[in-house]
Amino acid sequence: MKNIGIKSRVILLGTMPAVLFAIILAGYAISKVFTILNLSLHDRGRIIATQLAPAAEYGVISGNTQILQKLAQQALINEQELRTVLVTDKQGKVLALSGRPLADDLLKQLKETNLQELTWSNGVVFVSPIFRSLVEVDDFASANDYADSSLPAVDSKIEIGKVYVELS
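This structure is a prediction, so every number in the text was calculated from the model and none was measured. (Residues numbered from 1 in each chain as written. Predicted model: local features only at pLDDT ≥ 70, side-chain atom pairs only at ≥ 80, totals over all residues. Heavy atoms only, no water.)

Trainee: I keep staring at the nonpolar core and nothing clicks. Help me out?
Mentor: Within soluble globular proteins, side chains that are nonpolar tend to cluster in buried spots. Counting residues in each nonpolar core, the largest one holds 21 residues, and the members touching the most others are Val87, Ile130, Val163 and Val165. Breaking this core down by element, the ones donating at least two residues are α1 (6–55), α3 (65–78), β1 (82–89), β2 (94–99), β4 (123–134) and β5 (156–167). (Core = buried A, V, L, I, M, F, W, Y, C linked by side-chain atoms within 4.5 Å. Buried < 20%, exposed > 50% of the residue type's maximum accessible area, 1.4 Å probe, protein only. Helix = DSSP H or I, 4+ residues; strand = E, 2+ residues; numbered from the N terminus.)

Spelled out as structure tokens, the structure:
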């Protein structure tokens, strides 16, 4: 710095704070983008799992593993960030698997803690229960029964399985 003139020193001291501010601002913007992408990934995984669960209802009830396997494969093909799609029955028996199998200890942890979402070193696993929707139809109801809004609505759901989705 001895050989630098006064003009160069003033320019250097004047631009240093601006450069430092630009570096801090760029770092903040990059961290904010990664946070938004991470939240978006979590939302996407939750949506995929909750959409696959009703689609798998018929296959789980009927025990049709071919339909479930096609459903799992299509989901894996259509969504590039998916690593695994796993459909199990209520007892935990695998009915369909597409992609890499989930670790047994991970599945055990999800079942014991009853979590809907678990972040681990290789990605994020989302769980959505598969419900059997019971629809009661009264064939002998009169038109007056439908007009009476005081009757309780029957909305019975029985859990018959689970959908596991892993995103990278």
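That was the structure; now back to the text.
Trainee: Please explain the environment of Gly92 as it appears in this structure.
Mentor: Within the element layout of this structure, Gly92 appears in the loop between β1 and β2. With 15 residues separating them along the chain, Gly92 and Leu107 place their C-alpha atoms 9.2 Å apart.

Trainee: Would you mind showing me how to read a nonpolar patch on the surface here?
Mentor: Together, Ile30, Val33, Phe34 and Leu37 give the surface a local cluster of nonpolar side chains, amounting to about 420 Å² of exposed area. Examined against the element boundaries, Leu37 turns out to sit in helix α1. (Patch = residues over 30% accessible without salt bridge, like charges linked within 9 Å, V, L, I, M, F, W, Y side chains within 5 Å. Areas by Shrake-Rupley, 256 points an atom, 1.4 Å probe, with all protein chains shown as cover. Salt bridge = Lys/Arg side-chain N within 4 Å of Asp/Glu carboxyl O.)

Trainee: Sorry if this is basic, but what is going on with the environment of Gln80 here?
Mentor: Its place among the elements puts Gln80 in the loop between α3 and β1. Among the residues examined, Gln80 registers a relative accessible area of 76% and is labelled exposed. Remark: the alpha-carbon pair of Gln80 and Leu167, spanning 87 residues in sequence, is separated by 9.0 Å.

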